[in-house]
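# Structural description and commentary
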Amino acid sequence: MSLPDPPDRPGLPESPGTPWVAGLPDVPGLPDRKEAEVRRMLAGPYPLVPPDLAARAADRGRRLLAHRTLLHRFGWLLALLALAALWWLVMDRPWLPPPAHTTPPVEGW
């Protein structure tokens, strides 16, 4: 596949060896390459669609929705467990020594 001939673009230097560069501003009256390509694709033969495409797409959508719901529930469960662990730490204070169950001997009477 070779490059197309450079179109006549006013205001651009004329050099015979310079290839036409896509992305330059369009000049009115010249055909748009992308539009022509889209028209050619739409005019051509359409590919065959598998008969079970809609059923497969619906099944995939159901699976994705189920996975997303499961992940959301798992996230809420983790948040609830983290909150319960924080509550336990605040209420129980496991870093403090346990209280003595006997009273110390009284001295100095």
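Since we're looking at a predicted model, the values are computed, not measured. (Residues numbered from 1 in each chain as written. Predicted model: local features only at pLDDT ≥ 70, side-chain atom pairs only at ≥ 80, totals over all residues. Heavy atoms only, no water.)

### With respect to the overall build of the protein
When you go through the protein residue by residue, the secondary structure sums to 2 helices and 0 strands. Carbon and sulfur atoms form 68% of the exposed surface of the protein, whose accessible area is close to 11000 Å². (Helix = DSSP H or I, 4+ residues; strand = E, 2+ residues; numbered from the N terminus. Areas by Shrake-Rupley, 256 points an atom, 1.4 Å probe, with all protein chains shown as cover.)

### Considerations on the pattern of salt bridges
For the structure shown, the criterion picks out 4 salt bridges. One salt bridge connects Glu 37 with Arg 33, and the closest N-O pair in it is separated by 3.7 Å. Note that Glu 37 and Arg 33 are positioned in helix H1 (residues 33-43) at a spacing of 4 residues, about one turn of the helix. Given a relative accessible area of 40%, Arg 33 falls into the partly exposed group. Arg 62 is the partner of Asp 59 in a salt bridge, and the nearest nitrogen-oxygen pair spans 2.7 Å. Of this pair, Asp 59 and Arg 62 are both found in helix H2 (residues 53-92), 3 residues apart, which corresponds to roughly one turn of the helix. (Salt bridge = Lys/Arg side-chain N within 4 Å of Asp/Glu carboxyl O. Buried < 20%, exposed > 50% of the residue type's maximum accessible area, 1.4 Å probe, protein only.)

### Looking at a nonpolar patch on the surface
There is a patch of nonpolar side chains on the surface, built from Leu 80, Leu 83, Leu 86, Trp 87, Val 90 and Met 91 and spanning about 690 Å² of accessible area. Along the chain, the position of Leu 80 falls in helix H2. By relative accessible area, which is 55% here, Leu 80 ends up exposed. (Patch = residues over 30% accessible without salt bridge, like charges linked within 9 Å, V, L, I, M, F, W, Y side chains within 5 Å.)

### Details of the confidence of the model for the protein
Mean pLDDT over the protein stands at 81; residues scoring 70 or higher make up 72%. For residues 14-19, every residue scores under 50 in pLDDT, and the model assigns this stretch 2 contacts once sequence neighbours within four places are set aside. (pLDDT = per-residue confidence, 0-100. Contact = heavy atoms within 4.5 Å.)

### Things to note about H2
Counted at 1.5 Å a residue, the expected span for H2 with its 40 residues is 58 Å, and the 58 Å between its end C-alpha atoms agrees. Of the residues trailing H2, Arg 93 is marked for its positive phi of about 50°. (Expected span 1.5 Å × (residues − 1).)

### A closer look at unusual backbone geometry
Non-glycine residue Arg 93 carries a positive phi angle of around 50°. Along the polypeptide, Arg 93 turns up in the segment after H2.

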